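Survey of secondary and tertiary structure
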Amino acid sequence: MTTMSDTTKFTIGSEVLCSDGTCGELSRVVIDPVAHALTHLVVDPKRGQQIGRLVPLNLVESTEQTIRLHCTTSEFDALEPAEETQFLPGASGGWGYGEGQIISWPYYGLGMGGMGMGAMGLGNMNPGPQAIMRDRVPVGEVEVRRGEHVHATDGDIGRVQGLVIDPADHHVTHVLLEEGHLWGKKEVAIPINAVTSVKDGIQLNLTKNELGALPAVAIDHT
């Protein structure tokens, strides 16, 4: 089996074959802007009006003329749907893809200065029950989606804009709120160890006042 690298160039519109037949057509590629890596292909199924599927790069066997996947059509159908709300428009520069052919995970790099007291400052607060106790979590273990509602212990505070990633180890350090939250134009980055649950939205162990008092976090928006 040929292993694909994150620098392999894929042709948008290529036919995509599973081990037991045609499964669809390549419509877009997905990049990780912090790791500067291509991570998934978006394959639109041939059958009906189904949502495209997110195909991890490690399932791609070959890109000669057609793209071949190391899975059956039923396994392809079971892959995660590529919901538009999960992603941000990807910058095509340097990747060789046209406008609309590349999308990006909603990841933001931890800027110079890092976390500061953003996570450590929680030590003086009442922690409450916690399902996630670490200050940083591997990105693949975080089930936080862009657009999900975020709930403090005393009510809703807004929606998820994306995740803040430390480029040094590619671990999630914070959840970033999108504009329009309770604190106006202030950029609010919530330490990942304040997340207690991802069921029925993102549940936190902090009150609105505690969230409003969190220190600023340096974030690289480039």
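As a starting point, this report considers the structure included with it.

Scoring rules and cut-offs
- Residues numbered from 1 in each chain as written.
- Predicted model: local features only at pLDDT ≥ 70, side-chain atom pairs only at ≥ 80, totals over all residues.
- Heavy atoms only, no water.
- Helix = DSSP H or I, 4+ residues; strand = E, 2+ residues; numbered from the N terminus.
- Buried < 20%, exposed > 50% of the residue type's maximum accessible area, 1.4 Å probe, protein only.
- Areas by Shrake-Rupley, 256 points an atom, 1.4 Å probe, with all protein chains shown as cover.
- Lys, Arg positive; Asp, Glu negative; His and termini not counted.
- Salt bridge = Lys/Arg side-chain N within 4 Å of Asp/Glu carboxyl O.
- Polar contact = N/O pair within 3.5 Å; in protein donor to acceptor, adjacent residues only side chain to side chain.
- Contact = heavy atoms within 4.5 Å.
- Phe/Tyr/Trp six-rings, centres within 6.5 Å; stacked < 30°, edge-to-face > 60°.

**Here we look at the overall build of the chain**
- Across its full length, the chain carries 2 helices and 17 strands.
- The buried share among the 222 residues of the chain stands at 46%.
- Accessible surface for the chain amounts to roughly 11200 Å². Of this, 50% is attributable to carbon and sulfur atoms.

**Description of the side chain of Arg53**
- You can see Arg53 is positioned in strand S4 (residues 53-56).
- Although Arg53 lies buried, it forms no salt bridge, and the closest oppositely charged side chain, Asp77, sits 5.4 Å away as judged by the N-O distance.
- From its side chain, Arg53 meets the backbone oxygen of Ile51 in a polar contact 2.7 Å long.
- Not counting the four nearest positions on each side in its chain, Arg53 is found in contact with Leu41, Val42, Val43, Phe76, Asp77, Leu79, Glu80, Pro81 and Ala82.

**Here's the deal with the packing of aromatic side chains**
- If you walk through the whole model with that rule in mind, you get 2 aromatic pairs.
- Seen in terms of ring centroids, Phe87 and Trp105 are 4.7 Å apart; in terms of plane orientation they differ by 55°. Their pairing is tilted. A residue pair is termed long-range when its members are at least 10 positions apart, and Phe87 in the loop between helix H1 (73-77) and strand S7 (88-89) and Trp105 in the loop between strand S8 (102-104) and strand S9 (107-110) qualify at 18 residues.
- Classification of Phe87 as buried rests on a relative accessible area of 5%.
- With a relative accessible area of 13%, Trp105 lands in the buried category.
- Put simply, the rings of Phe87, Trp105 and Tyr107 pair up and form one aromatic cluster.

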